[in-house]
Amino acid sequence: MASDVAAHGITAAGGLCVTVRREDPQRDAMLRRHPLVETRRVADSPARPLPLLSATAPLSGVRVLDLTRVIAGPVATRTLAFAGADVLRLDPPHLPEPEWQHLDTGHGKRTALLDVGAESARVESLLADADVVALGYHPSALARLGLSPADLARRHPHLVIAQLSAWPGDDSPRGFDSLVQAESGISWIESADGASPGALPAQALDHSAGYLLAAAVITALRRRAEVGGGWLVRASLRRVAAELLGMPRRPVPAPADEYEARTQEFEVAGRRVTTVAPAVLWPGAPARFRPARPWGGDTPEW
């Protein structure tokens, strides 16, 4: 109880804190009663057929406005860009993305700097011509900027709105992958000695949520093409954690050097960069990502 009170106090003061808990199968089973990714119609608008220009780039002609940061959201939009979508990521000029992070998730996107709060008319113009908007900021910040899903659906009923959060629900507290691992019990499962919490060897919740959200966006685009409407798709890291905790447990795998690394190299602003290769493939899919562009190097326009 004391740790819960302390965590609540830190959160109320604007910090990020959770109580490190043991796995609770009953709680996770209750979470799994809800969809892994929520998909629902939120507005009425005419059907918009997809261009479907090629198997190599099935989302060619689809415009995605990327208002996400860190890992989960950028992984989702990186996947859409890989499928041929025109992804324009906007970042506030005063909040630079760590370079390694941008290079790891910026493949195939254009990247521009824009103060969304001060340039609302420009943002509205971009939204009017977009097909998808991806949201990764805290709900309170989105509401303050007039970019909550409800606001967007009212002003732009043609949009597919994709939203990621740490926890389920409309009022999700701030959080990130490692905090969700700690709260869900994954940290104790990954403990090396049974006496102190551990962590997954990768940000599996972020990456899983990103790929799931990208798949849900594609489903929503297909529904919009068939029956029209604006659509909201939402995923949370905690719901993904419940799904992973409900899967069969397997023995610890062999050392990583027994696996073939799937990487690719490309050049960004005269530098040689090595990142992972695409994890999603389909018949006719490209073999490589398009290179990331220098952060903030594009203009905020379609």
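None of the values given here were measured: they were computed from a predicted structure.

Draft legend 1. Inspection of the environment of V75 at higher detail. Position of V75 among the secondary structure elements: in helix α3 (residues 72-82). Along the backbone, V75 and D104 are 29 residues apart, and their C-alpha atoms lie at a distance of 8.9 Å. Discounting chain neighbours no more than four positions away, the residues touching V75 are T105, H207, G210 and Y211.

Draft legend 2. Inspection of the pairing of strand β7 (residues 230-236) at higher detail. With 7 of 7 residues buried, β7 lies mostly within the body of the structure. Pairing analysis gives 5 bridges linking strand β1 (residues 38-43) to β7, with the strands arranged antiparallel. Looking at the pairing, T39 lines up with V233 of β7. Looking at chain direction, strand β6 (residues 160-165) and β7 are connected through 6 bridges and run parallel. Among the inter-strand pairings, Q163 is bridged to a residue of β7, identified as R234.

Draft legend 3. Fine view of the sheet that holds strand β2 (residues 63-67). In space, the 7 strands of this open sheet follow the order β1-β7-β6-β5-β2-β3-β4, with mixed pairing throughout. Strands with a single pairing partner mark the edges of an open sheet, and in this sheet they are β1 and β4 (110-113). When strand polarity is set aside, the average angle formed by the axes of neighbouring strands in this sheet is 20°. Bridge count between β2 and strand β5 (residues 132-135): 4 bridges; the pairing is parallel. Across the sheet, residue D66 finds its bridge partner in β5, namely A134.

Draft legend 4. Highlighting the pairing of strand β3 (residues 86-91). With 5 of 6 residues buried, β3 lies mostly within the body of the structure. Across 4 bridges, the pairing between β3 and β4 is parallel. Looking at the pairing, R89 lines up with T111 of β4. In the classification by handedness, the crossover that spans β3, the intervening helix α4 (residues 99-105) and the parallel β4 is right-handed.

Draft legend 5. Expanded view of the layout of surface pockets. Put simply, the second largest pocket is a space of about 710 Å³. Lining the second largest pocket we find 29 residues, and of these V70, G136, Y137, H138 and G175 sit closest to its centre. Looking at the lining of the second largest pocket, the elements with two or more residues in it are α3, α6 (139-144), β6 and α8 (177-184). It is α6 that provides the largest number of residues to the lining of the second largest pocket, a total of 4 residues. Residue composition of the lining of the second largest pocket, by class: 14 nonpolar, 10 polar and 5 charged.

Draft legend 6. Looking closely at the packing of aromatic side chains. By the definition in use, this model includes 2 aromatic pairs. Pairing F82 with W282 gives two aromatic rings, centres 5.4 Å apart and planes at 70°, and the pair type is edge-to-face. Taken together, the positions of F82 in helix α3 and W282 in the segment after β9 (271-276) put the pair 200 residues apart, joining distant regions of the chain. Ring geometry for F82 versus F289: centroids 5.3 Å apart, planes at 65°, classification edge-to-face. With F82 in helix α3 and F289 in the segment after β9, this residue pair connects regions lying 207 residues apart in the sequence. Among the residues examined, F82 registers a relative accessible area of 8% and is labelled buried. Its relative accessible area of 7% is what places F289 among the buried residues. Every member of this aromatic cluster is reached through a ring pair, and the members are F82, W282 and F289. Against the face of W188 rests R22, its NZ or CZ located 3.7 Å from the ring centre.

Draft legend 7. The environment of D131, seen in detail. For D131, the position within the fold is in the loop between α5 (120-128) and β5. For the pair D131 and D44, spaced 87 residues apart in sequence, the C-alpha to C-alpha distance is 14 Å. Not counting residues up to four positions away in its chain, the partners in contact with D131 are R48, G61, V62, R63, H158, L159, V160, L221 and R224. Within the structure, D131 has its side chain in polar contact with the backbone nitrogen of R63 (distance 2.8 Å).

Draft legend 8. Representation of unusual backbone geometry within the structure. Of note, the phi angle at V70 is positive, near 70°, even though the residue is not glycine. Locating V70 in the fold gives a position in the loop between β2 and α3. Residue class for V70 comes out partly exposed when judged on its relative accessible area of 41%. At A269, a residue that is not glycine, the phi angle is positive and equals roughly 50°. Here A269 shows up in the loop between β8 (263-268) and β9.

Cut-offs used in this document
- Residues numbered from 1 in each chain as written.
- Predicted model: local features only at pLDDT ≥ 70, side-chain atom pairs only at ≥ 80, totals over all residues.
- Heavy atoms only, no water.
- Helix = DSSP H or I, 4+ residues; strand = E, 2+ residues; numbered from the N terminus.
- Contact = heavy atoms within 4.5 Å.
- Buried < 20%, exposed > 50% of the residue type's maximum accessible area, 1.4 Å probe, protein only.
- Pairing = 2+ DSSP bridges.
- Axes fitted to C-alpha atoms, helices over the stretch in contact; angles between N-to-C directions.
- Right-handed = clockwise from strand over helix to strand, strands pointing away.
- 1 Å grid on protein atoms, 1.4 Å probe; cavity = no way out; pocket = protein on both sides within 12 Å on 5 of 7 lines; lining within 4 Å.
- Points joined across faces, edges and corners; volume = space filled by probe spheres on them.
- Nonpolar A, V, L, I, M, F, W, Y, C, P; charged D, E, K, R; others polar.
- Phe/Tyr/Trp six-rings, centres within 6.5 Å; stacked < 30°, edge-to-face > 60°.
- Lys NZ or Arg CZ within 6 Å of the ring centre and 35° of its normal.
- Polar contact = N/O pair within 3.5 Å; in protein donor to acceptor, adjacent residues only side chain to side chain.

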